[in-house]
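Structural overview for review
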Amino acid sequence: MKKVVAALVLFCCLLHTAFAQTAAKESHDKHMEWWREARFGMFIHWGVYSVPAGYYNGQPIKRIGEWIMNRGKIPVADYQEFAKQFDPVKYDADAWVKLAKEAGMKYIVITAKHHDGFALFKSNASKWNMVDATPYGKDLLKPLAEACRKYGIKLGFYYSQAQDWNNPGGAAARKVASEGWANPDSAKIDAYTAAHEGHWDPAQTTKTMAQYIDDVAVPQVKELLTNYGDVAVLWWDTPTGMTDEFAEKLNAALALQPNIITNDRLKRPNFPGDYKTPEQRIPKESELDGKDWETCMTMNGTWGFKKDDHEWKSTEVIIRNLLDIASKGGNYLLNVGPKPDGTFPDESISRLQQVGAWMKVNGDAIYGTKASPLPALPWGRCTKKEQNGNTTLYLSVFNWPADKKLVVPGLTQPVTSAVLLANGKKLATAASADGLVITVPEQAPDKIASVIKLQVKGTVADKRFMGAGASGLGNMKE
């Protein structure tokens, strides 16, 4: 009898656990619903670093623009002088958000505070902010929040919770001086940073990191989550020097926005957030583990504005990156680095407009889609939607077949419809030993990616791991 009772108790415990796990998954799925539907967002890296734009004392500083203070080992007092030139009189938040919407983006994440510690908003926790330290003297986030509400765009804030090179006590990732420029004092600087946890200026270490977390980071996160209406995303970055204790204090502040979504960079591994953040690359199929993810990527080589960076990705690469990411079930957060006057670089604007023109025709192949169930496709990418027990596959064709026969490998379900999104033209289909064959016109309607909307009966079994998986396009440029 005791064994029976014990078995019943164990069964009840297992049942309770199963119900709890199911409920937790359903809650998480509901929480992530808008984010998964969106698939495409805009990252904005903007701050004081846009003023030097890659140069310090006449020297070009190597690597990404927003790291100029660290890479160039610029003293705190010298760097703060740049804020006196940060006067973005051409800033038009309405135009920014309108452009994002027209590009087909559904959310924006802006660097409310990057590693240089400069806040784009009015802060009572530090005078190193847009209102108190610049001639512009106005909060940059309030008009952005208003414009996002106007255009129905979700707003997120990037916040550097650990690294802060201006507010005392903030962490500093150690980089050797030669990574910035051939500084004649490199040996002396490197010895100092090695002895001071990456810091290069005594002004940075007049307080402890615990004081910084309590006096600056936590209060500023609370300001961001209180003063700008609904905040959709909190995008943490680089947990240098973070402890679980510090992370818990920041995590607790999120209660101010119960619906907020967070990434995985607060403090690893105990604070995984809601999604992973591969940077400047697209994961391979073999790297995916079923968790939500978002690739963040620059349009050129840098996040923050750098006047000499002209290595722009083509519109073709951007659109195909987006399709590759969506075909693997991820989101694409594409960056713009505004100039110090508040305008977007012309190259960014033209690409966003071109992406928008493509999205206006083909957006159904992106929004609300799930990962492709098909094996690697030599001619392009696939996304899917499922409804009422049936499946819609969006076949994005990069390499148009010269023989007008597009083969969809392994697909055996009966077809109910096949049309080109570009013009609504119906296409003939036929079964073959290799899979479904779609007869297409001689010319591709879009040289970047032509999308065929293919509706089939039933669900399509996952065949992605038949043979080699599709490799990521990574940081592909032309």
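Here, every reference points to the structure presented above.
All of the points below concern the structure found in this document. (Residues numbered from 1 in each chain as written. Predicted model: local features only at pLDDT ≥ 70, side-chain atom pairs only at ≥ 80, totals over all residues. Heavy atoms only, no water.)

1. Points about the overall build of the protein chain
Counting its secondary structure elements, the protein chain contains 12 helices and 16 strands. Its C-alpha radius of gyration of 25 Å places the protein chain within 12% of the 23 Å reference for a compact globule of 478 residues. Dimensions of the protein chain, computed from the C-alpha atoms along their principal axes, are close to 75 × 70 × 45 Å. Here the protein chain holds 478 residues, and the buried ones make up 54% of them. Summarising the internal contacts of the protein chain: among those between residues at least 6 apart in sequence, 73% fall at separations of at least 24. Accessible area for the protein chain stands at about 20,700 Å²; split by element, carbon and sulfur atoms hold 53% of it. Averaging the positions of the 58 positive and the 53 negative side-chain charges in the protein chain gives two centres separated by 5 Å. (Helix = DSSP H or I, 4+ residues; strand = E, 2+ residues; numbered from the N terminus. Rg over C-alpha atoms; globule rule 2.2 N^0.38 Å. Buried < 20%, exposed > 50% of the residue type's maximum accessible area, 1.4 Å probe, protein only. Contact = heavy atoms within 4.5 Å. Areas by Shrake-Rupley, 256 points an atom, 1.4 Å probe, with all protein chains shown as cover. Lys, Arg positive; Asp, Glu negative; His and termini not counted. Charge placed at Lys NZ, Arg CZ, Asp CG, Glu CD.)

2. Notes on the layout of surface pockets
As a volume, the largest pocket reaches approximately 970 Å³. Along the wall of the largest pocket there are 37 residues; nearest its centre are Arg36, Gly290, Lys291, Asp292 and Gly329. Looking at the lining of the largest pocket residue by residue, the class counts come to 9 nonpolar, 7 polar and 21 charged. As for the second largest pocket, its lining consists of 17 residues, and the residues nearest its centre are Lys154, Asp230, Val231, Ala232 and Gln257. Listed by contribution, the elements that provide at least two residues to the lining of the second largest pocket are helix 7 (141-151) and strand 5 (154-159). The element best represented in the lining of the second largest pocket is helix 7, accounting for 3 residues. (1 Å grid on protein atoms, 1.4 Å probe; cavity = no way out; pocket = protein on both sides within 12 Å on 5 of 7 lines; lining within 4 Å. Points joined across faces, edges and corners; volume = space filled by probe spheres on them. Nonpolar A, V, L, I, M, F, W, Y, C, P; charged D, E, K, R; others polar.)

3. Here's the deal with the environment of Leu224
Relative to the assigned elements, Leu224 resides in helix 9 (residues 209-224). You can call Leu224 buried: its relative accessible area is 0%. A sequence separation of 174 residues divides Leu224 from Ser50, and the C-alpha atoms of the two residues are 22 Å apart. Every residue in contact with Leu224, bar those within four places of it in the chain, is listed here: Ala112, Phe121, Leu141, Phe157, Tyr159 and Val231.

4. As for the packing of helix 11 (residues 315-327) against helix 12 (residues 346-362)
Contact geometry for helix 11 and helix 12: axes closest at 9 Å, N-to-C directions at 50°. Taken together, helix 11 and helix 12 sit at an angle that is classed as oblique. Remark: the crossing between helix 11 and helix 12 carries right-handed chirality. Only Arg351, Gln354, Val355, Trp358 and Met359 of helix 12 make contact with helix 11, whose side of the interface consists of Thr315, Ile318, Ile319, Leu322 and Leu323. (Axes fitted to C-alpha atoms, helices over the stretch in contact; angles between N-to-C directions. Parallel < 35°, antiparallel > 145°, perpendicular 65-115°, else oblique. Left-handed = near helix turned anticlockwise from the far one by under 90°.)

5. Re the sheet that holds strand 8 (residues 294-297)
Overall, parallel pairing links the 7 strands, which are arranged 7-6-5-4-1-9-8 in an open sheet. Each edge of the sheet is formed by a strand with only one pairing partner; in this case those strands are strand 7 (261-262) and strand 8. With 6 bridges joining them, strand 4 (residues 107-113) and strand 5 adopt parallel strand pairing. Following the sheet pairing, Lys113 is matched in strand 5 by Tyr159. The strands that helix 9 touches are strand 4, strand 5 and strand 6 (233-236); relative to strand 5, the one it contacts most, it runs at about 170°. (Pairing = 2+ DSSP bridges.)

6. Quick look at helix 7
Turning to helix 7, its buried residues are Leu141, Leu144, Ala145, Ala147, Cys148 and Tyr151. Taken around the axis of helix 7, the buried residues stretch over an arc of 165°, which confines them to a single face. Every exposed residue of helix 7 that faces more than 90 degrees away from the buried side is listed here: Arg149 and Lys150. The elements touched by buried residues of helix 7 are helix 5 (93-102), strand 4, strand 5 and helix 9. Gly152 sits one or two positions beyond helix 7 and adopts a positive phi of about 70°. (Arc of directions from axis to C-beta.)

7. Describing the environment of Lys73
By the secondary structure assignment, Lys73 is in the loop between helix 3 (68-71) and helix 4 (76-82). Residue classification places Lys73 among the buried residues on the basis of a relative accessible area of 7%. Among all residues touching Lys73, those that are not within four sequence positions of it are Ile68, Lys175, Val176, Ile189, Thr193 and Trp200. A polar side-chain atom of Lys73 sits 2.7 Å from the main-chain carbonyl oxygen of Lys175. (Polar contact = N/O pair within 3.5 Å; in protein donor to acceptor, adjacent residues only side chain to side chain.)

8. What about the environment of Val407?
Along the chain, Val407 turns up in strand 12 (residues 405-409). The exposure class of Val407 is partly exposed, given its relative accessible area of 31%. Spatially, the C-alpha atom of Val407 lies 58 Å from that of Ala83, the residues being 324 residues apart in sequence. Sequence-distant contacts of Val407, defined by excluding residues within four places in its chain, comprise Trp379, Asp434, Leu436 and Val437.

9. Concerning the pairing of strand 8
Along strand 8, one buried face is formed by Glu294 and Cys296 and the opposite face, lined by Thr295 and Met297, is buried too. As paired strands, strand 8 and strand 9 (residues 331-336) are joined by 4 bridges and run parallel to one another. Residue pairing across strands places Cys296 opposite Leu333, the latter belonging to strand 9.

10. What about the sheet that holds strand 13 (residues 415-420)?
Taken in spatial order, the 4 strands make up an open sheet running 10-11-16-13, and their pairing is antiparallel. Looking at which strands have only one partner, the edges of the open sheet turn out to be strand 10 (380-387) and strand 13. Strand-to-strand, the axes of this sheet are offset by a mean angle of 15°, without reference to chain direction. Judged from the 5 bridges that link them, strand 13 and strand 16 (residues 450-456) form a sheet pairing that is antiparallel. Bridge pairing in strand 16 links Val419 to Lys453. On the sheet, helix 11 packs against strand 10 and strand 11 (390-397) and is oriented at approximately 45° with respect to strand 10.

11. Some words on helix 9
Ala217 marks where helix 9 bends most, by close to 25°; the proline Pro219 follows one to four residues later. If you check which residues of helix 9 are buried, you get Met209, Tyr212, Ile213, Val216, Ala217, Val218, Gln220, Val221, Glu223 and Leu224. Summarising the contacts, the buried residues of helix 9 are in contact with strand 4, helix 7, strand 5, strand 6 and helix 10 (244-253). (Bend = angle between axes of the 7 residues up to and from the residue.)

12. Notes on the packing of helix 9 against helix 10
Closest axis-to-axis distance for the helix 9/helix 10 pair is 9 Å, and the angle between their directions is 15°. Here helix 10 runs roughly parallel to helix 9, going by the angle between their axes. Relative to helix 10, helix 9 is oriented so that their crossing is right-handed. Here Met209, Ala210, Ile213, Asp214, Ala217, Val218, Val221 and Lys222 of helix 9 come into contact with helix 10, specifically with Phe246, Lys249, Leu250 and Ala253. Taken together, the residues of the contact of helix 9 with helix 10 break down into 9 nonpolar, no polar and 3 charged.

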